[in-house]
Amino acid sequence: MRRREFISLLGGVAAWPLVAHAQQSERMRRIGVLGVLDNDDPEAKARVAAFQQALAGSGWTEGVNVRIDYRSAGGDLDRVRKYAAELVALGPDVILAEGSPVGPLLEPTARNIPIVFTNVVDPVGSGFCREHVPSRR
């Protein structure tokens, strides 16, 4: 599976329509997940379980062909910065950023790592991305 296909898989995380299929003979992929909730929060546990279930349903099994590094900041922006740096240093193939406070703090440190974000109402206004203006020919 090519990197672009892997990133496309994670691009559908918000709606959970995962369509890629992993093969056992390929190298292990790495996903960094940076959340805003505490690990003990029932909602955080439910999100992690749903994420793992959706990945497994598409052939991605943690410890077999994908490694997932989770960091939960518990709403503390200093911890978000710290964990963002940790995840970038691990060199993941993609980072899943959860919630509005995470994206703008993660983006400057992860210049060469694709970031997929969830639970954001206004991605441009939240600073996750710049508005895309199509080029004219």
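The structure under discussion appears in the preceding block.
Residues numbered from 1 in each chain as written. Predicted model: local features only at pLDDT ≥ 70, side-chain atom pairs only at ≥ 80, totals over all residues. Heavy atoms only, no water.

This next bit is on the nonpolar core. Counting residues in hydrophobic clusters, the biggest one holds 12 residues: Leu34, Val36, Ala73, Val80, Tyr83, Ala84, Leu87, Ile95, Ala97, Val102, Ala110 and Ile113. Elements supplying a minimum of two residues to this core: α3 (77–89) and β3 (94–98). The biggest single contributor to this core is α3, with 4 residues. Grouped together as the second largest cluster of nonpolar side chains are 10 residues, Ile31, Phe51, Val94 and Leu96 included. (Core = buried A, V, L, I, M, F, W, Y, C linked by side-chain atoms within 4.5 Å. Buried < 20%, exposed > 50% of the residue type's maximum accessible area, 1.4 Å probe, protein only. Helix = DSSP H or I, 4+ residues; strand = E, 2+ residues; numbered from the N terminus.)

Moving on, we get to helix α2 (residues 42–57). Taking 1.5 Å of rise per residue, 16 residues should cover 22 Å, and α2 covers 22 Å from first to last C-alpha, within 8% of that figure. Restricting attention to buried positions, one finds in α2 the residues Ala44, Phe51, Ala54 and Leu55. Burial along α2 is one-sided: seen end-on, the buried residues are contained in an arc of 100°. What points out from α2, more than 90 degrees from its buried face, is the exposed set Pro42, Gln53 and Gly57. Regarding α2, its N-cap is aspartate 41, as a side-chain oxygen of that residue lies 2.7 Å from the backbone nitrogen of glutamate 43 further along. Just downstream of α2, glycine 59 is the residue with a positive phi angle, here 95°. (Expected span 1.5 Å × (residues − 1). Arc of directions from axis to C-beta. Polar contact = N/O pair within 3.5 Å; in protein donor to acceptor, adjacent residues only side chain to side chain.)

This brings us to the pairing of strand β1 (residues 29–35). The buried fraction of β1 is high, at 7 of 7 residues. Along β1, one buried face is formed by Arg29, Ile31, Val33 and Gly35 and the opposite face, lined by Arg30, Gly32 and Leu34, is buried too. In this sheet, strand β2 (residues 66–72) lies alongside β1 in parallel orientation, the contact comprising 7 bridges. Within the sheet, the bridge partner assigned to glycine 32 lies in β2 and is aspartate 69. Inspection of the sheet shows β1 paired to β3 by 4 bridges, in the parallel sense. Among the inter-strand pairings, leucine 34 is bridged to a residue of β3, identified as alanine 97. (Pairing = 2+ DSSP bridges.)

Let us now look at the environment of arginine 111. Position of arginine 111 relative to the elements: it lies in the loop between α4 (102–106) and β4 (115–118). Considered as a pair, arginine 111 and valine 88 are 23 residues apart in the sequence and their alpha carbons are 9.2 Å apart.

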